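# Descriptive structure summary
For reference, the chains in residue letters:
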Amino acid sequence: MTQTTTKTQLTFEEYLTYDDGTDNSYELEDGELILMNPPTFRHALIVHFLIDAFGTQIRQLSLPWITLSGIGVRTSVNRSRIPDVCVINREQVANLDVSAVIELAIIAVEIVSPESRTRDYRFKRSEYSVVGIPEYWIVDPVGQKVTVLTLVEGFYEQVEFRGNETIVSQTFPELGLTVEQVLQA
């Protein structure tokens, strides 16, 4: 279950340096810390699979990008989300000694868990579109689908893929993954 901490409201700057002495990860929602549950093994395996798949495409296309997990994306004045997978421009990690929260991703991927369903399908969708993330994937193991949202004139257009359907990515047109491959990672 995702929980809110009891600490008073944090500014974004306080969030960047927040340390409660644990290995817990928190998203920031309007100044409140939201504890993120540890992933399941399925979740972790899908993250690993997608990092490898995106990384292969980045190398093949000689793009100046990197694929990471566990970094934050600032989505408003006092909000920061932690997508399961992010593709970002390598320049964004040039200063290795700053907090791993970025302003923009090229692709953000969320893997749906029961407690994150509403956040992933509703809230993060609107937040990621407002900050201009060109492509947002929602991987839903329970629903057995991958939804790819592509930013068009400020709004996401979505396409759902299931089973043996090949996932279509405008960012990586040669990716060639099926939903089954992703879900059986």
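Provided above is the structure to which this section pertains.
The structure presented is a predicted model; accordingly, all values stated were derived computationally and were not measured.

## Considerations on the packing of aromatic side chains
Counted under the stated rule, the structure contains seven aromatic pairs. With a centroid separation of 5.7 Å and 90° between ring planes, the pair formed by Y18 and Y26 is classed as edge-to-face. Among the aromatic residues, those joined into a ring-pair cluster are F54, W65, W137 and F172. One cation-aromatic arrangement involves R74 over F12; the distance from NZ or CZ to the ring centre is 3.7 Å.

## So, the pattern of salt bridges
Evaluation of the coordinates by the stated rule reveals twelve salt bridges. Of the charged contacts, one joins E27 and R119 as a salt bridge, the two residues approaching to 4.0 Å between their closest N and O atoms. A residue pair is termed long-range when its members are at least 10 positions apart, and E27 in strand β2 (residues 25-29) and R119 in helix α3 (residues 117-130) qualify at 92 residues. With respect to burial, E27 and R119 carry one shared label: buried. Note that E110 is salt-bridged to K124, the shortest N-O span being 3.1 Å. Separated by 14 residues along the polypeptide, E110 in strand β9 (residues 107-111) and K124 in helix α3 bring together distant segments of the chain. Since its relative accessible area comes to 2%, E110 is described here as buried. Salt bridges sharing common partners tie together E27, E29, D30, R79, R81, E110, R119, D120, K124 and E127.

The rules behind the values
Every residue gets a number counted from 1 within its own chain, in the order that chain's sequence is written. Where local features are concerned, this predicted model is filtered to residues with pLDDT of at least 70; where side-chain atom pairs are given and counted, the filter is 80 or more; whole-chain, interface and lining totals use all residues. With hydrogens and water excluded, all non-hydrogen atoms of the structure serve as input to the side-chain values. For Phe, Tyr and Trp, rings pair up if their centres lie within 6.5 Å, where Trp contributes its six-membered ring, and each pair is then called stacked (planes under 30 degrees apart), edge-to-face (over 60) or tilted (otherwise). For a Lys NZ or an Arg CZ to count as sitting over a ring, it must be within 6 Å of the ring centre and within 35 degrees of the ring normal. Salt bridge, as used here, is a side-chain nitrogen of Lys or Arg placed within 4 Å of a carboxyl oxygen of Asp or Glu. Secondary structure counts use DSSP, requiring at least four H or I residues in a row for a helix and at least two E residues in a row for a strand, with both numbered from the N terminus. The classification of residues rests on relative accessible area computed with a 1.4 Å probe and restricted to protein chains. Under 20% of the type maximum is buried, over 50% is exposed, and intermediate values are partly exposed.

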